[in-house]
Amino acid sequence: MAEPRVALVSGANRGIGLEVARLLTGQGMAVVLGARDARAGNEAAARIRRRRVNVRSYELDVTDPTSIEAASGRLEEEFGRLDVLVNNAGVYLEGDATTMDRGTADLSWRTNALGAWELAVATIPLMRRHGWGRIVNVSSEAGSLASMNSFMAAYNVSKAALNAVTRVLAADLRGSGILVNSVCPGWVATEMGGRGAPRSLEKGAASVLWAVDLPDDGPTGGFFRDGRPLKW
Ligand code: NAP
């Protein structure tokens, strides 16, 4: 029997990340939940563990290069491969453009863009090994330059940067079998989205899953919601 595919989802102890992880276990993948709080990660893994489901949690803070290195080292040791990376971890910090403070901008960039980029760089060798991979950067239409506004400015700028990361990775990986795309889950009812958000977790996660399930001749370097292109 072929080895199951292996997926890593960052920020998977709650919200959209946890739901994406749950859905990936349903596809028969071995799923690793990345969580910066080890206990929260283990509790989340226990919530979606069932018979014949291979799910575990790694401590993973995407702003910490040592943590990224440790997680990719564990993937190598425990699976020797990675097939799917969902860069989901994110922060949504207050502040408009003219009152921006350095700490907010710095944490937004390091979590939402640089962390995703570094995690991809650390794990791409594990995808290249078998010439197949899907990298899904969970972005937001708030990062679209076409409709950019100043509400939560650091978040918007960091998601625009994440979209740029998608473009450069996809350019480097063209023809490698590894597809890289940005997706917006829509406005989803999570801690970040708030209770009033119109979209369910299931719907938001499905928008992300679409980019995992792409066929080998599917798009790369794109920006989508529900499988439909969004403006950069
Ligand atoms: P959420 O409920 O606030 O969850 C965010 C997750 O990211 C949590 O697991 C959090 O961990 C984790 N995280 C934050 N900083 C981290 C770090 N340094 N290292 C590792 N994990 C970290 O948010 P969500 O709504 O599920 O959002 C998931 C993704 O969807 C985000 O990228 C977000 O920008 C995007 N998105 C959401 C919406 C929406 O309406 N909800 C809309 C557009 C895009 P802790 O529990 O430790 O804080």
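In the block above lies the structure referred to throughout.
Overview of the structure. Every residue gets a number counted from 1 within its own chain, in the order that chain's sequence is written. Note on the predicted model: pLDDT of at least 70 is required for a residue's local features to be given, and 80 or more for side-chain atom pairs to be given and counted; whole-chain, interface and lining totals, by contrast, use all residues. In computing side-chain values, all of the structure's heavy atoms are included and hydrogens and water are not.

### A few points about the site of the ligand
- Around the ligand sit 28 residues, and of these Arg14, Arg36, Tyr155, Val188 and Thr190 come closest.
- Any pair of nitrogen or oxygen atoms within 3.5 Å is treated as a polar contact; in protein, a donor-acceptor pairing is required on top of that, and neighbouring residues in sequence qualify only through side-chain atoms on both sides. In this structure, lysine 159 approaches the ligand through a side-chain N or O atom, which is 2.9 Å from an oxygen atom.
- A distance of 2.8 Å separates an oxygen atom of the ligand from a polar backbone atom of valine 188.
- A total of 900 Å² of accessible area belongs to the ligand in isolation, and the protein chains cover 93% of it.
- Classification convention: Asp, Glu, Lys, Arg as charged; Ala, Val, Leu, Ile, Met, Phe, Trp, Tyr, Cys, Pro as nonpolar; all other residues, Gly among them, as polar. For the shell around the ligand, the per-class residue count stands at eleven nonpolar, twelve polar and five charged. One heavy atom within 4 Å of a molecule or strand makes the whole residue count as near it. Computed with the Shrake-Rupley method and a 1.4 Å probe, the accessible areas treat only the protein chains shown as cover for residues.

### Brief notes about the environment of arginine 228
- Looking at where arginine 228 falls in the secondary structure, it is placed in strand β8 (residues 228-229).
- Spatially, the C-alpha atoms of arginine 228 and isoleucine 68 are 31 Å apart, while their sequence positions differ by 160 residues. Strands are runs of DSSP state E lasting at least two residues, helices are runs of H or I lasting at least four, and both sets are numbered from the N terminus onward.

### Considerations on the pairing of strand β3 (residues 55-59)
- As paired elements, strand β2 (residues 30-35) and β3 share five bridges and run parallel to each other. The partner of valine 31 across the bridge, within β3, is valine 55.
- Tracing the backbone out of β2, into helix α2 (residues 38-48) and back to the parallel element β3 gives a crossover that is right-handed. Pairs of strands are assigned from DSSP output, requiring at least two bridges between the strands. Handedness rule for crossovers: strands pointing away from the viewer, path from the first strand over the helix to the second running clockwise, crossover right-handed.

### What to know about the side chain of serine 57
- Tracing the backbone shows serine 57 in strand β3.
- Classification of residues uses two cut-offs on accessible area relative to the type maximum, computed with a 1.4 Å probe and protein chains only: under 20% is buried, over 50% is exposed, and between them is partly exposed. Accessibility expressed as a relative area gives 11% for serine 57, which makes it buried.
- Separated by 3.5 Å, the side chain of serine 57 and the backbone oxygen of leucine 33 make a polar contact.

### Comments concerning helix α6 (residues 201-212)
- Multiplying 1.5 Å by the residue count of a helix minus one yields the expected span of that helix. The terminal C-alpha atoms of α6 lie 17 Å apart, and with twelve residues this matches the ideal 16 Å at 1.5 Å per residue to within 8%.
- Listing the buried residues of α6 in full gives Gly204, Ala205, Ser207, Val208, Leu209, Ala211 and Val212.
- In this fold, the buried residues of α6 make contact with α1 (15-26), β4 (84-87), β5 (133-138), β6 (178-183) and β7 (223-225). Contacts were defined at the residue level, with two residues in contact if any of their heavy atoms lie within 4.5 Å.

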